[in-house]
Amino acid sequence: MIRRVYFYSNKTLDFRFAQNIEDFIVDELPVKFSNAGNFLVLKIEKQNCDTWEACEKIAQFLQIYSSEIGYAGLKDKRATTTQYITIPKKYSKELKNFRFKNIKILETHLHNKRLNIGDLEGNRFRINLYDVKQEDVYQIESIIKKISKIGLPNYFGYQRFGKEVKDNLLKAKELLYGESKLKDKKLVKMLILAYQSSFFNAWLVERLKLNQEEFELLNGDVFLDLEKNRFFTPKTIDEKIKSDVYSQKIVPTGLLPGREVFRSKDDALKIEKKYDDSFIYEKGYRREAMIFPRDIVCKYDVENKVCKLDFILPKGSYATVFIEALANRNFD
């Protein structure tokens, strides 16, 4: 498994961090709902329960297929999380009697379409770090300032790969090369996504090693225009491109190999082609190389040596990566 690297500090911090219902709280930031339509949006709060498990419990109660339930994002199991899911409006009466020990329905809305992956604005995280030395708080605050200015590497966190990382990546490769088969379609998709993500993380590590101060842009890079939501490759990397990156108008992207996906060119392609695989039959896509967390608040409890963090990340990004960047070490 490739080690994720960071370039904010040479010092490693040894604070304690754990995912649990008290110290890892996630609130999904939803899209705007239409308040009319044939779908019922449920705002649910879960503890020690991932998204798939919650959907299955609700589907079992309503006696429907779990595929009839839509959701905008997958949330961590070992946490307290709130997120939004949709069910067909016709089941709204039956839902009033739903009870499950670690799933609460907080509110409901009408919407004109089913929620799909990506139909959210981002996620707000509230996380506690323990055994934080007072002198280390200054380093944490310094790194936060750097992240706010130059961005955070948008690695896939350890959760993406499962506990048996090497075995999972090997299984995915065997599936792709026709050496094995699995009937569980959900598991197959998870394994292939992990395999694609491993290429992205390895590519990002090499790109970060080009410059110890910031993400170095290369001719041929593929950028995402955040306002227009379109990919483009500029003719040259000039000062306007650099300015647009740090004003968060555009962002460089990396490849998750597969079919029907933009590839980079020129200098960028020399690195990217080392992390490509033409055997991947799943659709490929491009992921933002760097992200900019916002509304970051850091409060320190001197007596208990606890650092309380509150911040918002774009959709698809990992809070554990943000914490790793502060500690300058991997947690898996």
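Residues numbered from 1 in each chain as written. Predicted model: local features only at pLDDT ≥ 70, side-chain atom pairs only at ≥ 80, totals over all residues. Heavy atoms only, no water.

Quick look at the overall build of the protein now. If you tally the helices and strands in the protein, you get eight helices and 14 strands. In summary, the protein has a C-alpha radius of gyration of 21 Å against a globular reference of 20 Å for 332 residues, a match within 12%. Taken along the three principal axes of its C-alpha coordinates, the protein extends 60 × 55 × 40 Å. The burial tally for the protein puts 49% of its 332 residues in the buried class. In the protein, the share of contacts with a sequence separation of at least 24, taken over all contacts with a separation of at least 6, comes to 77%. When the accessible surface of the protein is summed, it comes to about 17400 Å², and 49% of that surface belongs to carbon and sulfur atoms. (Helix = DSSP H or I, 4+ residues; strand = E, 2+ residues; numbered from the N terminus. Rg over C-alpha atoms; globule rule 2.2 N^0.38 Å. Buried < 20%, exposed > 50% of the residue type's maximum accessible area, 1.4 Å probe, protein only. Contact = heavy atoms within 4.5 Å. Areas by Shrake-Rupley, 256 points an atom, 1.4 Å probe, with all protein chains shown as cover.)

Another point: the pattern of salt bridges. According to the stated counting rule, one finds 16 salt bridges in the structure shown. Among the salt bridges present, the one from arginine 126 reaches aspartate 27, with a minimum N-O distance of 2.3 Å. Here arginine 126 is found in strand β6 (residues 120-129), whereas its partner aspartate 27 is found in strand β1 (residues 24-30), with 99 residues between them in sequence. For lysine 240, the salt bridge goes to aspartate 244, with nearest N and O atoms at 2.8 Å. In this pair, lysine 240 and aspartate 244 both sit in helix α6 (residues 239-246), four residues apart, roughly one turn of the helix. Under the relative-accessibility criterion, aspartate 244 is labelled buried at 11%. (Salt bridge = Lys/Arg side-chain N within 4 Å of Asp/Glu carboxyl O.)

A few words now on the packing of aromatic side chains. Applying the stated criterion to the full structure yields 16 aromatic pairs. Arranged with centres 5.5 Å apart and planes meeting at 20°, the rings of phenylalanine 125 and phenylalanine 311 form a pair that is stacked. Residue phenylalanine 125 is located in strand β6, and its partner phenylalanine 311 is located in strand β14 (residues 306-314); the two are separated by 186 residues in the primary sequence. For the pair formed by phenylalanine 125 and phenylalanine 311, the shared burial category is buried. Seen in terms of ring centroids, phenylalanine 156 and tyrosine 318 are 6.2 Å apart; in terms of plane orientation they differ by 70°. Their pairing is edge-to-face. Of the two residues, phenylalanine 156 is situated in the loop between β7 (152-153) and α4 (165-176) and tyrosine 318 in the loop between β14 and α8 (319-327); the sequence distance between them amounts to 162 residues. Residues phenylalanine 156 and tyrosine 318 agree in their burial class; the two are buried. By the ring-pair criterion, three or more aromatic residues cluster together here, those being Phe17, Phe24, Phe125, Phe311, Phe322 and Phe331. The lysine or arginine in question, arginine 287, covers the ring of phenylalanine 200, its NZ or CZ lying 5.7 Å from the ring centre. (Phe/Tyr/Trp six-rings, centres within 6.5 Å; stacked < 30°, edge-to-face > 60°. Lys NZ or Arg CZ within 6 Å of the ring centre and 35° of its normal.)

With antiparallel pairing, the four strands of this open sheet are ordered in space as β9-β8-β10-β11. The open sheet terminates on both sides in strands that have one partner only, identified here as β9 (230-232) and β11 (285-288). On average, each strand axis in the sheet is tilted by 45° relative to the strand beside it, whichever way the strands run. By the bridge criterion, three bridges tie strand β8 (residues 223-225) to β9 in an arrangement that is antiparallel. Bridge pairing links leucine 224 to phenylalanine 231 in β9. (Pairing = 2+ DSSP bridges. Axes fitted to C-alpha atoms, helices over the stretch in contact; angles between N-to-C directions.)

Bringing the nonpolar core into the picture now. Core analysis: the biggest nonpolar cluster contains 69 residues, and Tyr8, Phe15, Ile127, Leu129, Leu309, Phe322 and Leu326 have the highest contact counts within it. When residues in this core are grouped by element, the largest group, twelve residues, is from helix α5 (residues 185-208). When residues no more than four places from it in sequence are discounted, the contact partners of leucine 326 are Leu13, Phe15, Gln139, Ile140, Ile143, Ile144, Ile147 and Leu309. Of all hydrophobic cores here, the second largest spans 18 residues; its members include Ala54, Tyr71, Ile85 and Ile87. (Core = buried A, V, L, I, M, F, W, Y, C linked by side-chain atoms within 4.5 Å.)

For glutamate 260, which is not a glycine, the phi torsion comes out positive at approximately 55°. Its location among the elements puts glutamate 260 in the loop between β10 (250-256) and α7 (266-272). Look at aspartate 266: it is not a glycine, yet its phi comes out positive at around 50°. Note that aspartate 266 resides in helix α7.

This paragraph deals with helix α1 (residues 51-62). When the terminal C-alpha atoms of α1 are compared, their 17 Å separation across twelve residues agrees well with the 16 Å that a helix rising 1.5 Å per residue should span. Residues of α1 that are buried in the fold lie against β2 (39-47), β3 (70-71), β4 (80-88), α2 (92-95) and β5 (103-111). Two or three places before tryptophan 52, at the start of α1, stands the capping residue aspartate 50, its side-chain oxygen 3.3 Å from that residue's backbone nitrogen. Positive phi shows up at glutamine 63, right after α1, with a value of about 60°. (Expected span 1.5 Å × (residues − 1). Polar contact = N/O pair within 3.5 Å; in protein donor to acceptor, adjacent residues only side chain to side chain.)

Don't take any of this as a statement about function, it's just geometry.
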